[in-house]
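Listed below are the residues making up each chain.
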Amino acid sequence: MASFVERFTDLAIHRSPLCLGLDPSEELLRLWGLENDAEGLRRFCGSVLEAADDLVAVIKPQTGFFERFGPEGLNELAVATAQIRSQGSLCLIDAKRGDVAGTMKGYASAMLGAGSGFGGDAVTVSAYLGFGALLPVFDRAIALGAGVFVVVHSSNPEGRLLQDARHPDGRTVAEALADDITTFNANQGAGIGVLGAVVGATIDPAATAIIDRLPQSLILAPGVGAQGAEMAEVGPKFRSAQGRVLPSVSRAILRHGPSPVALRDAIERYREAAWSAWDAGSSLAASRGHARTAVVRR
């Protein structure tokens, strides 16, 4: 079975590395003229996924926007994840779960891999209760060829105080997490490992040295668009990780709905920009260029 990394690399070449956030917030449902209920959620997700179709590598449903509707919302999350996979995209469930090891085993079974409750190809996790507590998720990902993205340097400013706090050895919390991720991946072998990192595209250029500490990781870079980062910044900021970055866009695309044409146009604009950010100077650029000649634009 191909790993998440292998599947992403192939899809990034043929579809673009863009990660489309599926965020059915109350604000967006209202903007679309939909009711803020499970039916509005269903219609929103269906329209977004129909527009995205075969254009992007990864679609990232944010679980909080589904869970707010209780069991009905969770059912729609399951429907959305199944549709994402049926369209050939990878489903990265943005759950940011983080707990003690026993509980994390339950979360892993719920979120990650074929046969799980929601069948995600990858999941985001938080290490506030300790990096080692996340091992059940890592083990499941290895066994099933899935992916895990550990929050290292988030896109929201509220995270700075905690993430920039320093260990006795002088490293920040974020730097120590990056080192833990790299050590884990290196112990599994050469090449890009099962553990990715969340590093916000809003990161200050002066802080981007943390990316150098993640040489064997895919990097999920949220914050493009509504949170203030520009896609043009991703290439320079993440230069040492070119070919491994998933630029993530949510509201900047989703606000163009409910028109399917406007949504697809917005996705296409960002996918082109994501390609430029992803492969500028990368050895994969030539492969991507050849593959794109075979992509049918609809």
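In this text the structure is predicted, and so the values were computed from the model without any measurement.

Cut-offs used in this document
Residues numbered from 1 in each chain as written. Predicted model: local features only at pLDDT ≥ 70, side-chain atom pairs only at ≥ 80, totals over all residues. Heavy atoms only, no water. 1 Å grid on protein atoms, 1.4 Å probe; cavity = no way out; pocket = protein on both sides within 12 Å on 5 of 7 lines; lining within 4 Å. Points joined across faces, edges and corners; volume = space filled by probe spheres on them. Helix = DSSP H or I, 4+ residues; strand = E, 2+ residues; numbered from the N terminus. Nonpolar A, V, L, I, M, F, W, Y, C, P; charged D, E, K, R; others polar. UniProt positions renumbered as here; feature names shortened; annotations may be inferred. Salt bridge = Lys/Arg side-chain N within 4 Å of Asp/Glu carboxyl O. Patch = residues over 30% accessible without salt bridge, like charges linked within 9 Å, V, L, I, M, F, W, Y side chains within 5 Å. Areas by Shrake-Rupley, 256 points an atom, 1.4 Å probe, with all protein chains shown as cover. Buried < 20%, exposed > 50% of the residue type's maximum accessible area, 1.4 Å probe, protein only. Contact = heavy atoms within 4.5 Å. Polar contact = N/O pair within 3.5 Å; in protein donor to acceptor, adjacent residues only side chain to side chain.

1. With respect to empty space enclosed by the protein
Scanning the model with the defined rule gives one cavity of 30 Å³ or more in all. In this model, the largest cavity occupies a volume close to 40 Å³. Lining the largest cavity are Arg-97, Met-104, Tyr-107, Ala-108, Met-111, Val-123, Val-125 and Val-137. Contributions of two or more residues to the lining of the largest cavity are made by α6 (101-111) and β4 (122-125). With four residues, α6 is the single largest residue contributor to the lining of the largest cavity. Considered class by class, the residues forming the lining of the largest cavity number seven nonpolar, no polar and one charged.

2. Digging into the UniProt feature "domain: Orotidine 5'-phosphate decarboxylase" (unreviewed entry) in the chain
Following the UniProt record, the feature "domain: Orotidine 5'-phosphate decarboxylase" (unreviewed entry) maps to residues 17-266 here. In residues 17-266, helix accounts for 40% and strand for 17%; the two terminal C-alpha atoms are 15 Å from one another.

3. Concerning the layout of surface pockets
For the largest pocket, the calculated volume is near 510 Å³. Contributions of two or more residues to the lining of the largest pocket are made by α2 (26-31), β3 (90-97), β7 (219-224) and β8 (245-249). It is β7 that contributes the most residues to the lining of the largest pocket, four residues altogether.

4. What to know about the pattern of salt bridges
Applying the stated criterion across every chain, the model contains 13 salt bridges. Note that Arg-171 and Asp-179 form a salt bridge whose closest N and O atoms lie 2.9 Å from each other. Taken together, the shared-partner salt bridges in this structure form one network comprising Asp-169, Arg-171, Glu-175, Asp-179 and Arg-213.

5. Things to note about a nonpolar patch on the surface
Side chains of Val-100, Tyr-128, Leu-129 and Leu-162 sit close together on the surface and give an oily, nonpolar patch of about 430 Å² of accessible area. With respect to the helices and strands, the residue Tyr-128 is situated in the loop between β4 and α7 (135-144). Note on Tyr-128: relative accessible area 65%, which makes it exposed.

6. Examining the environment of His-256
Position of His-256 among the secondary structure elements: in the loop between α11 (251-254) and α12 (260-279). Once the C-alpha coordinates of His-256 and Ala-266 are considered, the two residues, 10 residues apart in sequence, prove to be 7.1 Å apart. Every residue in contact with His-256, bar those within four places of it in the chain, is listed here: Ala-262, Leu-263, Ala-266 and Arg-269. Within the structure, His-256 has its side chain in polar contact with the backbone oxygen of Ala-252 (distance 3.3 Å).

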